[in-house]
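# Reading the structure
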Amino acid sequence: LREFRKTVHDLARPRTEREWVELTSRIVSGRFLDFRARICRPIEQRWDVVRLDQRAVQRLDAVLLEWSDEADTERLLPIGEWYGTLRRLLETSELAISTPMQKGVQILEAHEAALTPFRHTFIVHANDGEFPKTSASGGVLADDERVVLREAGLPVSHRDEAMRRERTLWNAVAAAPWLTLTYRTTDPNGTPLLPSLMVPTHDESTELPRSHVPIGGPVSEVEARRHSASVLKTKLRDMGTTEIAIPTIDPERLRHAIVGATAERLRNEHPELGTAAPPVANPWNGHLRDPVLLRNLQWRYGPDYQWSPGTLEQYAKCPFFFFVRKVLKISEEDEASDETDPTTWGSIAHEVLERFYRRCGDALPARLDSAAQAMYEEIALQVLEEWEKRDTWLGLPPLWAQARESVREAVLDYLTWELKLMHRDDQVPEWLEYGFGYGSDRIVTIEGEDLTGVRRTLRLTGRIDRVDKVANGARYHIIDYKSGGAPPAKGYDDGSVLQTPLYMQAVATSEAVNVASGGYRSIRRRSAESVLQWGDARFERALRIAFSIPERVHQGLFEAVHSAATGWERWEAGRDVRRTDARYRSGSRFDG
């Protein structure tokens, strides 16, 4: 209760309407009392309720964002008055909740309004071509031919009937005691637009001119701030001096925007980097210099820290994302999507493969014959049923039914391909889900030189999908499954692919065996990719890069520049977060 009181104590302070709107928006977005995380947890597997709550919160957040621009910034409101204002808004408003991807049939607002009585109705965008909606082409039949066929009793529509339906809908929507109509006089390009044929006769002098030229000055605080920024840009360009007086309603925000724009310019001086580019880590792009922060990094990631190959690889791809996820521990809320999550799909496929090979043991079949396929079907059915009983969102039932079958078929096709490959190369699984580090009896510490020639040690933790014996156990091969495509082989050169060499070194160190090679196998593509041989130049370079990363972390280097081999992905944070598109054209951040 003390902790709760500390959290909510500041809510008792009176605020302006805009401050209350912004605070409510922060609560809704999840940065207060873990609200967003709590609504993402299902009760008794009611994921349909979770999805509805998520959509409702997103819609409410959008309403609050619009409200913020117009909210009062003068009068202070106590919390009780704000609660009453917000409650009245929600009780008298209906927020349309649609699917996130806008799939399926959407209900038109006009049809919905026609069934609900209102005292005051606003009809917006009452333009010709919008309401009534322009009828579709009649195809091979002319409209007068359609009229004749309709009179003969055939169920064929024509323009007059379509207009009658639209007029009936208009009358139903516009039947409120108080009615306000709005329509556009131009489109965004300045092209003149006409009102709907159903708009009654009115005084045309009240219309805005049919021109794309804005009339008058800013009409809202948002427009006023944009206008100030525009004036600043124009004067800087024309006068070429920083001694400029700019009228603005919000001087502090404009000053902040100027500082931010300066940082943006410094951050993006090298949008695409070549091997000869100067160092990109600077105070505006991920270089921490505060001694207290650096001491904390050296303590957190000291000699006893257990690094996972995936964590080292994440840093090598983009240090900024390592900083956000690992150092600051910021992550997105896990929200249920309509379809099966790719990670869940891959986890199910991994589990089916593990159980199949564990059941086979040393009696591995040379091909997927009828007996092996029957065993596979039994294992796949068992794994899928177990996942359906877990507290895991698998997607909407119709979509999960498709994903369920796709997992079963994809792994079956993969086994058909892989068993032939293993028989040809004389490979037999030796260890499945080989774990080391945390939660394991195996403590693995590897040693080697970094890129500067300094001797380093790394304590590793991780889990390898499979380790195969090759040629009667004389050599071993590391296998990492990928449900989609494998990382590019060129990633061994710039450090963006580190898992395979580190897995190879971990097994060789822990088991004292001859690890000959390692690589990835794609379940969907049924291919072996990015295979790496022990001791070759790419293997040695990847390990030296891995040994160099802890020291870079200790130095506070977290630049937002992506590796050349991978580049920015669509699922990563956008430019509003990372603030740059910089990536290496060739080479890597570890060169010279």
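As shown above, the structure is provided for reference.
Here's what I pulled together on the structure shown here. Along every chain, residues carry numbers that run from 1 in the direction the sequence is written. Whole-chain, interface and lining totals are the exception, using all residues; otherwise, since this is a predicted model, local features are given only for residues with pLDDT of at least 70 and side-chain atom pairs are given and counted only at 80 or more. Hydrogens and water are ignored here; the side-chain numbers use all heavy atoms of the structure.

Along the backbone of the protein chain there are 20 helices and 14 strands. Burial status follows relative accessibility: with a 1.4 Å probe on protein chains alone, a residue under 20% of its type maximum counts as buried, one over 50% as exposed, and anything between as partly exposed. Taking all 592 residues of the protein chain together, the buried fraction comes to 39%. Two residues qualify as a contact provided that any one of their heavy atoms is within 4.5 Å of a heavy atom in the partner residue. Of the contacts formed within the protein chain by residues at least 6 apart in sequence, a portion of 71% connects residues at least 24 apart. Put simply, DSSP marks the helices as runs of H or I at least four residues long and the strands as runs of E at least two long, and each gets a number from the N terminus on.

All right, on to the nonpolar core then. As used in this record, nonpolar core signifies buried Ala, Val, Leu, Ile, Met, Phe, Trp, Tyr and Cys residues forming a set joined through side-chain atoms within 4.5 Å. One finds Leu312, Leu460, Leu498, Ile549 and Val553 to be the most contacted residues of the largest nonpolar core, which totals 45 residues. If you tally residues by element for this core, the top one is helix 19 (residues 537-554), at eight residues. Ranked by size, the runner-up nonpolar core spans 32 residues in total, among them Ala372, Tyr376, Ala380 and Leu412.

Moving on, we get to unusual backbone geometry. Of note, the phi angle at Ala512 is positive, near 55°, even though the residue is not glycine. With respect to the helices, strands and loops of the structure, Ala512 is situated in the loop between helix 18 (499-511) and strand 12 (515-522). What makes Ala512 exposed here is its relative accessible area of 68%.

To continue, consider the environment of Ala542. Among the secondary structure elements, Ala542 is positioned in helix 19. Given the relative accessible area of 0%, Ala542 is considered buried. Residues Ala542 and Ser496, 46 residues apart in the sequence, show an inter-C-alpha distance of 8.8 Å. Setting aside chain neighbours within four positions, we find Ala542 in contact with Tyr492, Val497, Leu498 and Pro501.

Each reported salt bridge corresponds to a side-chain nitrogen of Lys or Arg within 4 Å of a carboxyl oxygen of Asp or Glu. Evaluation of the coordinates by the stated rule reveals 26 salt bridges. A salt bridge links Arg442 to Glu511, with the nearest nitrogen and oxygen atoms 3.5 Å apart. In this pair, Arg442 sits in the loop between strand 7 (427-436) and strand 8 (444-449) while Glu511 sits in helix 18, placing the two residues 69 residues apart along the sequence. On the basis of relative accessible area, Arg442 is assigned to the partly exposed category, the value being 28%. A relative accessible area of 27% places Glu511 in the partly exposed class. Because the salt bridges share partners, they merge into one network encompassing Glu351, Arg355, Glu386 and Arg390.

Once that is clear, we can look at the sheet that holds strand 6 (residues 306-307). Here we have three strands laid out as an open sheet, ordered 6-9-8, and mixed in their pairing. Looking at the sheet topology across the chains shown, the edges are occupied by strand 6 and strand 8. For helices, the axis comes from a line fit to the C-alpha atoms of the stretch in contact; other axes are also lines fit to C-alpha atoms, and the angle between any two N-to-C directions lies between 0 and 180 degrees. Helix-sheet contacts for helix 19 involve strand 6, strand 8 and strand 9 (455-460), and the interaxial angle to strand 9 is about 90°. Here a strand pair is declared whenever DSSP counts at least two bridges between the two strands.

This part takes up the sheet that holds strand 7. Hydrogen bonds between backbone groups are what pair the strands of a sheet, and the pairing can be parallel or antiparallel. In spatial order, the strands read 7-10-11-12-13; together these five strands make up an open sheet with mixed pairing. The outermost strands of the open sheet, each flanked by one partner alone, are strand 7 and strand 13 (527-533). The average undirected angle you get between the axes of adjacent strands in this sheet is 30°. Most of the contacts of helix 18 go to strand 12, to which it runs at about 140°, and overall it touches strand 7, strand 10 (462-470), strand 11 (475-482), strand 12 and strand 13.

A word on the side chain of Glu433. Within the secondary structure, Glu433 is located in strand 7. Discounting chain neighbours no more than four positions away, the residues touching Glu433 are Glu354, Arg463, Ile464 and Asp465.

Here we come to the packing of aromatic side chains. Note on aromatic contacts: the rings of Phe and Tyr and the six-membered ring of Trp form a pair at centre separations within 6.5 Å, being stacked when their planes are under 30 degrees apart, edge-to-face when over 60 apart, and tilted otherwise. Using the criterion set out here, one finds 21 aromatic pairs in the structure. Taken together, a centroid distance of 6.2 Å and an interplanar angle of 15° make the contact between Trp307 and Phe322 stacked. Note that Trp307 is positioned in strand 6 and Phe322 in helix 13 (residues 319-327), a separation of 15 residues in sequence. Each member of the pair, Trp307 as well as Phe322, carries the same accessibility label: buried. When the ring of Tyr414 is compared with that of Trp417, the centres are 5.6 Å apart and the planes differ by 45°; the resulting orientation is tilted. With a gap of three residues between them, Tyr414 and Trp417 both fall in helix 16 (residues 397-425), about one helical turn apart. Judged by its relative accessible area of 0%, Tyr414 is buried. Three or more aromatic residues joined by ring pairs make a cluster, and in this case those are Tyr301, Tyr305, Trp307, Tyr315, Phe322, Phe323 and Phe558.

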